[in-house]
Amino acid sequence: MEKTLISLAGSGESVELSAIVNDMTNEEIESVITKCMRLEDGSTTEVIRAIFKGSRDKTEKSQMRTEFVYNSCIQILQSNELRSKANSEIIGILLQEIDYLPSSMVIKLTKTFLNDIKSADSDLGKSLDLFPKLLSTLSEQEAVSYNEDEMSGLECKNTLIKTLCSSRWHRSHVIHLANMFRDVQLSQEELRSVLNKILGMLGQLDMQELPPIVYQLLLLSSKGHRKLVIERICTFFIDQDIECARREEQQGSSDLMEVEEDSSEALHHTEGTVMLHITFAIKQDQDLGREYVKFLKVLQQCSPMQLLAPFSLAMALSTARIHRFQEQVYEILKSSILKSYKDDEKKTQNNWAREMIPDMEDVSILVEHSIENSKAGWDQVTQGLVELGFNLMDSFGPRSVFGRVTEAVAQSAVLSPNQKAANLGSLILLNTFKAHKVVRPEILEQILNRVVTKTSSPVSHFIELLSTIVKSFPQIVLECQLKVREAFDYLGYLPSSSADGLLKALQPLFKISISLKDSLLLVLRKAMFSRQVEARIVAVHGFLLVLRNFKVMGGLPSSQSFCSSQESTSSQLIVDIHVHTSQNPNSNEALCLEILGNLRRCFTHQADVRLALYEGFYDVISRNSKICHSVIDILLFQMKKYFEMNEDVMPPLRLGQCVITQGDKTYLAEPLGHLVSCIHQCLVMADKIEDEQSDEDIFITGQADLKAMMTSIAQRMIKGELEDFELDKSSDYSLGNSTGVKNTIFAILVIGLYEVFMEHSFIMTNSIRYKICLLLCPLFMMLQINCSVSVSEDITKLFENYHKLCDTLREKSAANGAKKGGKTSSVSSKTPRSLMSQKCAVKFLQLLFKDENPQHQDSIAVFHDRPGFVEYIINVSNQKLQQLVDRGRCDGAEGQNKEKVYQYCCLIAGIYMSHYSQKLQSGETVDKLLTNAMLDGLHNAFKYISIQQSEKIDTFLESMVTIKENENTVYNMIKKIQQLIINILSSDDHHGRLKDVVSLLNIVNLLVHQLPVSSENYTKITEWLKKISTNQSIEDGPVVKRLLQQYFTMLSKSSNVLVVLRDVAQDVHSLCGDIDQEIELEERTHYSVVNQKTAVPTVILLVLSQLDKELDYSDWVLNSLKSSLTLMTTTKNAVLGDNSQDEETGPTQRETQERSLCGRLGTLTTVFHELCQSTLPTGLTIETLLKTITHLYNTLGLMAKYYLMMYTQKLGHFSVRFEKLVKLTGTHLTQLIYAFITYAQLSQSEQIQADGKDKKKSAAGTSGSAKIIKERKYIPNLIFSIEQYEKFLIQLTKKSKVDLMEHIKLSTSRDFRINTAALNEALEEQSSSSDDTDGDSDGSEKENDSTQNAPAAKTAAPRGTANTSTAVKEPPKKKSKLQIKGKSKVKKT
């Protein structure tokens, strides 16, 4: 039978074929098809084609047969019994026959497919390829009958698709259906329905099924709705990451842990494949990429944490590899990270903001997840991580100031958002460097490039990252040593701080790579001969670094021959260096000798180069003790150039050789003070080294000679006078001529020498080795060894000369400045940096304040009896502490040794604290300047430790106070400071010590940062501040400002500060009086520190400053609510369409936040209600108040716009509390503001008139007028803010159908304002005068004229905006419920 059918179909005998087919039953047809399928000879498709060809007569029987064959073929396709080629041939036949099917049969077949899709048992297979053709054929019909309803084909197709999308799909069919819809012509509405259905099925699919379905969705998005597809896909995987993280936190048993690890790994592999699909689609479709970038911007504004989730961050970094989106994506990611850190900063500073916005996951943890995932197949993310890391590090500040790079030293214990972002970038690069070998060369190259090229911005963070990488992976870095050598070529062009940091970071490599070390030495030798001074300084620092780290194991030869044969030795040393093939410590001898030979060239260079050498020698010999005597010999050689051997010659040093004159310019050639200081420090270290090496008790002649020189110079400077240096008061110190410049340089050099020899006399005189050295030197055998008292007298004599010279220099500088008619710009007016070391200053302090040895009391008395000496020692200590705060290091020996610096800070702070406490408790009369200096130094010591060495804060505090077991160290110190403040305030002469309270409160502020905000101790300190503010009547402005500022700040972090601000505002109102002169206020205050002397301007400016901060927090929370609303709107429109109608939801967390925000703004309104009624002076106070009120109305306007947006998007409605807020602003603030503006303008007018009358004070009048003009600029801004707020309320009234303007009276007058009270009074006077007797008509006319002119004078007011019923003498009535508690308003009688 099958052969007959095939032959008839092939011969074209359609009549005979139709007859045979008509005679066949359905069972016979099925049997034939089944038989052909078993043969697998390809006859199945020919038989089916023949049957269809014989059934084209449009009889009912033929249609039923065709339907039967169609269903049978569909079953065959779904059974997958045929080969793929046969299936494709059958599909081709069925597709051709669809054109001959009637519409009813097409609908039936479509319904069959719908039923199969719903069924979990059916396997759609290739049969689904028919569905697009069926829908296309159906849409071409003009009219069809579907479910007994007549409709067009397009309508029927739309109905079928809606039915399909609303039905339940089995997950096994999703991928096939998504693939099928690519061939279906869909309208945009139909496409949205299909996409929403497929996207909604993502959660029901297995992990391995997600990449292919995402691929199909991306292909479908080419038809439209790209935004919907990309947003929903990204949101789905972001939610998967969050859910995975939640499951990992909740995992308990080890079995569950293994299961979760497998699930997490599968998710990460799936996400990696999905990212590849999306990235590829974006490359092919730019519109899809643009929609994705828009989505990232929405997340940046609304939900930075979602943007930084592992999948979202990795997807963004993958997209950034596409060049056209690179810049945008990195900028979005950088902004999101900065925004998250700024949000964290806001939350830590304000308790209300912390309660309003929930805690978010740490950004660094989210980024670390992406780095970990990059190891498991996310290779496309690696390059993006590197770029992101460098982008974040580039945000580090501060920037250069006038082309100079400022040192990046932390000035606060809390890092700024930019600094946190830079640290995150460093962490990203470090972890990526560890995880991925392929990017290591690029990371190193980028770091070195930035260190070399960023000369106008700080590079310390790049150097720190490089140092960490070198210490962790030195061998890996050596693989890229070619790039390191390239960086060496730019050393001479770098700032000395950057070059020094770079060499320190790379220093570990020099010990394991001889070639790299040799390359460095070659570069440094070249830099030593550079024309640039900065390059020479870099060379000196580099050589000193090598000397510090390449220690000599055996002693170097005597430098007698070294000094005389430098040239021949240096050339031989270069050969010796290359002879050594390994890093043997014994081989360092030749290296150090060569470097010392190179450093001797510095003595022919500029003063700055020599200075760098002198400052580094002490650290070198302290680290590399075997070269100590060689260094001393070099210094001896240099010192002989300036030393006068003849004891009878004064001065003992040749100062003339320290200065160079070229033409009419004079330069410093030799920093002689630093040279002598370096010699002193090296001699001290040499004695220490020899004491430690007692078995080598040998004294070097050069060391003895230097000590003898130092003693000779010291003795002659003690005996000499300033006239010996030709530096008395009669000398010329002006900078206008070469003589004055030279004398100024000489004076600065001599000042430094006096300081050095004070230290030398104090440190070295009692040294046993010093005495032995003197005995070894025959030239100085006649010198007498001084006793303690004589040493003290020598030091005070040196100080006396030092003090005289400083005073002379200061007086001459002031005189020169007076001659020029202004402030002097002379260098001599600046106090030079002290050359006394911090160690010496600490020893002096211990002697002066802590030494109780009876044998030392006479020498101590000598120091105390010398006026100014104790203050000088304290100033030197404070100068070192200030340098530590500013730069993280101080001048002098051991100034860069953090451990030593820490010990000295502990000693200084302990001495200051102990001395101040004792004097305060004993009630003795103290020198105020001395105690103030001690407190300033104490504050700097606390500041340095709390910022630079915060990990040692506990041990630092334990060195000053006795701590009981289980007690908080920080709180105990604060308690001690509290007791000091109480003692000051309770003492009889506390007015003279109030300045001390400010310094002590500054220390409390530093310590409070070490306490958790939620701790009990933090609350106790806040209560103590409140108690002081309430009970102590302090009239000193700076003390009150610091006290209330600390109280407001702490209260804002831990509780609600607005209530306190309201009370303080009431106190200010009570003390200043009301702008309505007929209202009298009772002078009762909540806080005693608010009084007539402090209320204006100190307290009110502080209150306004805090109010401005609180408004900033309100703006931040409001913007967060707006962002969440925007995100909700975006999601809603993406899923339901732009014209969707959605029912409003019930109470949510957002509504709770809105009510809290409205309540907060209401409290702020009551605060301004009090301030706007206060009589304030013209000037800064009114200006600041107007600015802050403008800020308030801007915030209220944003609140109204927020609700307006909510009604527009149909996402909710405003709360009752917002209605109350609007009523409160309308009835108790706006009208008062207009009255206050009137008061301010009249006060300004009176001030202008008063200034104009007083001609003698014309300059002051001009200044006052300028301030008034400035104040007037803020009034239009305020009025504009009010009108904008009212404008939004009007729009919101129309949207909500609630009358929000009921209690708001719109202002009408803009250019002219009528004072109704003054007008009525004038009219009454005019009417009464007209009713008088007809007496003297001339007198009546004069009286009428005067009364008519009076209103004009009163009503003419400055241009402004106010309500027509507002007047100075008739302000709005006060509401009784808002009156000040404990305060009453009464009319004057």
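This text follows the structure it describes.
Residues numbered from 1 in each chain as written. Predicted model: local features only at pLDDT ≥ 70, side-chain atom pairs only at ≥ 80, totals over all residues. Heavy atoms only, no water.

A. Looking closely at the packing of helix α50 (residues 1058–1072) against helix α52 (residues 1149–1171). In contact at an axis separation of 8 Å, α50 and α52 are set at 15 degrees when each is read in the N-to-C sense. Looking at the two axes, α50 sits roughly parallel to α52. Handedness of the α50/α52 crossing: left-handed. Contacts between α50 and α52 involve Leu1058, Leu1061, Arg1062, Ala1065, Gln1066 and His1069 from the first element and Arg1160, Thr1163, Leu1164, Thr1166, Val1167, Glu1170 and Leu1171 from the second. Classifying every residue of the contact of α50 with α52 by side-chain character gives six nonpolar, four polar and three charged. (Axes fitted to C-alpha atoms, helices over the stretch in contact; angles between N-to-C directions. Helix = DSSP H or I, 4+ residues; strand = E, 2+ residues; numbered from the N terminus. Parallel < 35°, antiparallel > 145°, perpendicular 65-115°, else oblique. Left-handed = near helix turned anticlockwise from the far one by under 90°. Contact = heavy atoms within 4.5 Å. Nonpolar A, V, L, I, M, F, W, Y, C, P; charged D, E, K, R; others polar.)

B. Here's a closer look at the pattern of salt bridges. Going through the model one piece at a time under the given rule, you end up with 27 salt bridges. A salt bridge links Glu644 to Arg654; its shortest N-O distance comes to 3.2 Å. Note that Glu644 is positioned in the loop between α34 (628–639) and β3 (659–662) and Arg654 in the loop between α34 and β3, a separation of ten residues in sequence. A relative accessible area of 19% means that Glu644 is categorised as buried. For Arg654, a relative accessible area of 27% gives the class partly exposed. Connected through salt bridges with shared partners, the residues Arg833, Arg887 and Asp891 form a single ionic network. (Salt bridge = Lys/Arg side-chain N within 4 Å of Asp/Glu carboxyl O. Buried < 20%, exposed > 50% of the residue type's maximum accessible area, 1.4 Å probe, protein only.)

C. Broad picture of the environment of His674. Considering the arrangement of structural elements, one finds His674 in helix α35 (residues 672–692). Given the relative accessible area of 25%, His674 is considered partly exposed. Taking the C-alpha atoms as reference points, His674 and Gly892, 218 residues apart in sequence, are found 9.2 Å from one another. Residues within four places of His674 in sequence aside, it is in contact with Leu611, Tyr614, Glu615 and Leu835.

D. Representation of the side chain of Asn940 within the structure. In this structure, Asn940 sits in helix α44 (residues 928–948). According to the relative accessible area criterion, Asn940 is buried, its value standing at 11%. For Asn940, the side chain forms a polar contact with the side chain of Gln882, separated by 3.0 Å. Contact partners of Asn940, with chain neighbours within four places excluded, come to Asn878, Leu881, Gln882 and Val885. (Polar contact = N/O pair within 3.5 Å; in protein donor to acceptor, adjacent residues only side chain to side chain.)

E. Molecular detail of the pairing of β3. The sheet contact formed by β3 and strand β4 (residues 665–668) spans four bridges and is antiparallel. Residue pairing for β4: Gln662 is matched across the bridge by Lys665. Once β3 ends, the chain turns through two residues before running back antiparallel as β4, passing Gly663 with a positive phi of about 70 degrees. (Pairing = 2+ DSSP bridges.)

F. Representation of the nonpolar core within the structure. Counting residues in hydrophobic clusters, the biggest one holds 289 residues, and the most contacted among them are Leu599, Phe956 and Phe1218. In terms of residue count, helix α53 (residues 1180–1209) provides more of this core than any other element does, 15 residues in total. The residues contacting Phe956, other than those within four sequence positions of it, are Tyr902, Cys905, Cys906, Ala909, Ala941, Phe942 and Ile945. Ranked by size, the runner-up nonpolar core spans 121 residues in total, among them Ile117, Cys156, Leu288 and Leu392. (Core = buried A, V, L, I, M, F, W, Y, C linked by side-chain atoms within 4.5 Å.)

G. Representation of unusual backbone geometry. With an omega of 0 degrees, the peptide bond running from Met650 to Pro651 counts as cis. Here the residue pair Val1096 and Pro1097 is connected by a cis peptide bond, since its omega of 0 degrees sits within 30 degrees of zero. Along the polypeptide, Pro1097 turns up in helix α51 (residues 1095–1136). Of note, the phi angle at Glu894 is positive, near 65 degrees, even though the residue is not glycine. By secondary structure assignment, the location of Glu894 is in the loop between α42 (869–887) and α43 (898–922). For Lys1210, which is not a glycine, the phi torsion comes out positive at approximately 55 degrees.

Keep in mind these values describe shape, not function.
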